[in-house]
Amino acid sequence: MDGNILDPDGARERLAAWKGRIDKLAADTQTMSDRLQQVRATASDPNGLAEVTVDSTGALVGLQLTSRIQRVAPDVVAQAIMATLGVAKNKLADQSQEIIADTVGTESPAARAIADSVERHLRTGPAPEPAAPDAEDYDEGYEINTHRERW
């Protein structure tokens, strides 16, 4: 026949092609999910106060503070941690977007919905850069070292 819906062989071929696309999408989606669950991101604050690690959900799973925190006011440490957490979440969002693009692409409505969801849940906007601590932010009795310490 000429390819109309009354052609059983043509209908079987179209159905088989459709099933193949669905099977590939399902496999790609599973691969994406597995990779997204394993991703983590780490960021360090530029003043050497803190390093944070977030898991695939954006939850804080690691925090390392250096001895430099003893020389700055607690609110400066808190700001450094929060800003660095934002940087780590933005890195995580970037990595997640790459995984989505690599596995399911960016063209389908489903892929766009997943990518939009990642952006809404992880992206913190441009993270503010932690400011360099001012001299008055340092606790009294501590010397301000201008060289970078090893931690």
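Before reading further, recall that the structure is shown in the block above.
Notes on the structure in this doc start here. (Residues numbered from 1 in each chain as written. Predicted model: local features only at pLDDT ≥ 70, side-chain atom pairs only at ≥ 80, totals over all residues. Heavy atoms only, no water.)

## Some remarks on the overall build of the chain
Here comes step 1: Helix and strand counts for the chain come out as three helices and three strands.
Here comes step 2: Along the chain, from the amino end to the carboxyl end, the secondary structure elements read α-β-β-β-α-α.
Here comes step 3: Counting the 151 residues in the chain, one finds 33% classified as buried.
Here comes step 4: In the chain, 63% of the contacts between residues at least 6 apart in sequence involve partners at least 24 apart.
Here comes step 5: Carbon together with sulfur atoms contributes 54% to the accessible area of the chain, which is approximately 9900 Å² in total. (Helix = DSSP H or I, 4+ residues; strand = E, 2+ residues; numbered from the N terminus. Buried < 20%, exposed > 50% of the residue type's maximum accessible area, 1.4 Å probe, protein only. Contact = heavy atoms within 4.5 Å. Areas by Shrake-Rupley, 256 points an atom, 1.4 Å probe, with all protein chains shown as cover.)

## Section: the pairing of strand β3 (residues 60–65)
Here comes step 1: Pairing of strand β2 (residues 50–54) with β3 involves five bridges; the strand directions are antiparallel. Looking at β3, one finds that valine 54 is bridged to leucine 60.
Here comes step 2: Hairpin remark: β2 followed by β3, antiparallel, with five residues in the connecting loop; positive phi at glycine 58, about 90°. (Pairing = 2+ DSSP bridges.)

## Remarks on the layout of surface pockets
Think of a ball as big as a water molecule: rolled over the atoms, this probe shows where empty space is left.
Here comes step 1: What the largest pocket holds in volume is close to 190 Å³.
Here comes step 2: What lines the largest pocket is Ser33, Leu36, Gln37, Ser56, Thr57, Ser96, Ile114, Ser117, Val118, His121 and Leu122.
Here comes step 3: Looking at the lining of the largest pocket, the element that brings in the most residues is helix α3 (residues 109–122), giving five residues.
Here comes step 4: Taken together, the residues that form the lining of the largest pocket break down as four nonpolar, seven polar and no charged. (1 Å grid on protein atoms, 1.4 Å probe; cavity = no way out; pocket = protein on both sides within 12 Å on 5 of 7 lines; lining within 4 Å. Points joined across faces, edges and corners; volume = space filled by probe spheres on them. Nonpolar A, V, L, I, M, F, W, Y, C, P; charged D, E, K, R; others polar.)

## Observations concerning the sheet that holds β2
Here comes step 1: Taken in spatial order, the three strands of this open sheet run β1-β2-β3, and their pairing is antiparallel. Each of the sheet's edge strands pairs with one partner strand only, and the pair in question is β1 (41–44) and β3. Each strand of the sheet is rotated relative to its neighbour by a mean of 15°, with strand direction disregarded. (Axes fitted to C-alpha atoms, helices over the stretch in contact; angles between N-to-C directions.)

## Remarks on the nonpolar core
Generally speaking, soluble globular proteins have nonpolar side chains that are buried together.
Here comes step 1: If you look at the biggest cluster of nonpolar residues, it comprises 26 residues, and the most contacted ones within it are Met32, Val54, Leu92 and Ile100.
Here comes step 2: Sorting the residues of this core by element identifies α1 (8–38), β1, β2, α2 (74–103) and α3 as the ones contributing at least two each.
Here comes step 3: The element best represented in this core is α2, accounting for 10 residues. (Core = buried A, V, L, I, M, F, W, Y, C linked by side-chain atoms within 4.5 Å.)

## With respect to the environment of valine 118
Here comes step 1: Here valine 118 is to be found in helix α3.
Here comes step 2: A residue is classified by how much of its surface remains accessible, and valine 118, at 12% relative accessible area, is buried.
Here comes step 3: Taking C-alpha positions, valine 118 is 9.2 Å from threonine 57, a pair spaced 61 residues apart along the chain.
Here comes step 4: Among residues more than four places away in sequence, those in contact with valine 118 are Ala93, Ser96, Gln97, Ile100 and Arg123.

## Considerations on the environment of threonine 57
Here comes step 1: Tracing the backbone through its elements, the reader meets threonine 57 in the loop between β2 and β3.
Here comes step 2: C-alpha of threonine 57 to C-alpha of leucine 36: the two residues are 21 residues apart in sequence and 9.0 Å apart in space.
Here comes step 3: Sequence-distant contacts of threonine 57, defined by excluding residues within four places in its chain, comprise Leu92 and Leu122.
Here comes step 4: Side chain to side chain, threonine 57 and aspartate 55 meet in a polar contact 2.7 Å long.
Here comes step 5: Within polar-contact distance, the side chain of threonine 57 engages the backbone nitrogen of alanine 59 at 3.4 Å. (Polar contact = N/O pair within 3.5 Å; in protein donor to acceptor, adjacent residues only side chain to side chain.)

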